[in-house]
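Read off the chains here:
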Amino acid sequence: METLVVDHPLVAHKLTTLRDVRTDSPTFRRLADELVTLLAYEATRDVRVADVSVRTPVAEAHGVRMARPYPLVVPILRAGLGMLDGMTRLLPTAEVGFLGMIRNESTLQAETYATRLPDDLSGRQCYVVDPMLATGGTLAAAVQFLFDRGADDVTAICLLAAPEGLAHMDEFFAGSGKPIRVVTAALDERLNENGYIVPGLGDAGDRLYGVV
Ligand SMILES: O=P(O)(O)OC[C@H]1O[C@H](OP(=O)(O)OP(=O)(O)O)[C@H](O)[C@@H]1O
Ligand SMILES: O=c1cc[nH]c(=O)[nH]1
Ligand SMILES: [Mg+2]
């Protein structure tokens, strides 16, 4: 598995405000949206394009357009929804699939309550968006859903990742032979005894949408 920590002062600046406990929900939502666009710029470096020519007012110009089949963006509900608009703004032709998953706060196991994905993902590049990669249980299950439907190229964009989560992903997909990339704004120190990322930003879903 390939991991990219995007090292950029604007990313670090926005992430610092996002972490701040005093940041309110409207500001948190705006920053998550801005951050995903910056991360997606790096995460889509290998997005597939096809050669095309266009006529400028002056001459013929050779360029590229997004290749079909267009990428699939998959937000993991709930918190991943906070990253969807930023992705589709950058990839307007992308299709969107949905996975509803919640981590059981006692066992830390991911449970799936909704799936709405195309049946056949062969040949599709998939971008999973979820702000938090903590134990990695949720992301591993999400990526497995995509592989089971034929996806062969998956990139996850997370605002924060924990070393334990990256290690779990490495172990879970060892020998799968399929490329997986994780792009994140920061690799934090560790998980605490409740499975929360330290220093982290708290519960991303609650900070985006409120405590339920
Ligand atoms: O790496 P893991 O240990 O599996 O934890 C990460 C998951 O936890 C959070 O979702 P949560 O379960 O809180 O659901 P929510 O988005 O509805 O708040 C987060 O958005 C990830 O999906
Ligand atoms: O720190 C964490 C860990 C899991 N889910 C969150 O929202 N935050
Ligand atoms: Mg949550």
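For the structure given in this document, a descriptive report is provided here. (Residues numbered from 1 in each chain as written. Chains lettered and ligands numbered in written order. Predicted model: local features only at pLDDT ≥ 70, side-chain atom pairs only at ≥ 80, totals over all residues. Heavy atoms only, no water.)

## Looking at the pattern of salt bridges
Within the structure shown, the criterion is met by 14 salt bridges. For aspartate 206, the salt bridge identified is with arginine 78, shortest N-O distance 2.8 Å. Of this pair, aspartate 206 sits in helix α6 (residues 204–209) while arginine 78 sits in the loop between β4 (72–77) and α3 (84–90), and the two are 128 residues apart along the sequence. A salt bridge links arginine 181 to aspartate 153; the nearest nitrogen and oxygen atoms lie 3.4 Å apart. (Salt bridge = Lys/Arg side-chain N within 4 Å of Asp/Glu carboxyl O. Helix = DSSP H or I, 4+ residues; strand = E, 2+ residues; numbered from the N terminus.)

## Looking at the site of ligand 2
Contacts to ligand 2 come from Arg103, Met132, Ala134, Gly195, Tyr196, Ile197, Gly202, Asp203 and Ala204. Here ligand 2 loses 89% of its free accessible area of 240 Å² to cover by the protein chains. For the shell around ligand 2, the class distribution of residues is five nonpolar, two polar and two charged. (Near = heavy atom within 4 Å. Areas by Shrake-Rupley, 256 points an atom, 1.4 Å probe, with all protein chains shown as cover. Nonpolar A, V, L, I, M, F, W, Y, C, P; charged D, E, K, R; others polar.)

## Some words on the environment of alanine 151
Mapped onto the elements of the fold, alanine 151 is located in the loop between α4 (137–148) and β10 (153–161). Measuring from C-alpha to C-alpha, the distance between alanine 151 and valine 58 comes to 42 Å, with 93 residues separating the pair along the chain. Discounting chain neighbours no more than four positions away, the residues touching alanine 151 are Leu121, Ser122, Cys126, Leu146 and Lys178. (Contact = heavy atoms within 4.5 Å.)

## A word on the nonpolar core
Among the nonpolar cores identified, the biggest contains 36 residues, and Leu18, Leu39, Met87 and Ile157 are the most heavily contacted of them. Taken together, the elements giving at least two residues each to this core come down to α1 (9–19), α2 (25–43), α3, β8 (125–129), β10, β11 (180–187) and α6. For this core, the element with the highest residue contribution is α2, accounting for eight residues. Beyond its immediate chain neighbours, meaning those up to four positions away, leucine 39 contacts Val6, Val11, Ile157, Cys158, Leu159, Val183, Thr184 and Ala185. With 26 residues, the next largest nonpolar core counts Val143, Ala151, Ala156 and Cys158 among its residues. (Core = buried A, V, L, I, M, F, W, Y, C linked by side-chain atoms within 4.5 Å. Buried < 20%, exposed > 50% of the residue type's maximum accessible area, 1.4 Å probe, protein only.)

## Some remarks on the packing of α4 against helix α5 (residues 163–172)
Packing of α4 against α5 leaves a shortest axis separation of 9 Å and a crossing angle of 35°. Here the hand of the crossing between α4 and α5 comes out right-handed. Note on element contacts: α5 touches α4 through His168, Met169 and Phe172, opposite Gly137, Leu139, Ala140, Val143 and Gln144. Its residues assigned to classes, the contact of α4 with α5 comprises five nonpolar, three polar and no charged. (Axes fitted to C-alpha atoms, helices over the stretch in contact; angles between N-to-C directions. Left-handed = near helix turned anticlockwise from the far one by under 90°.)

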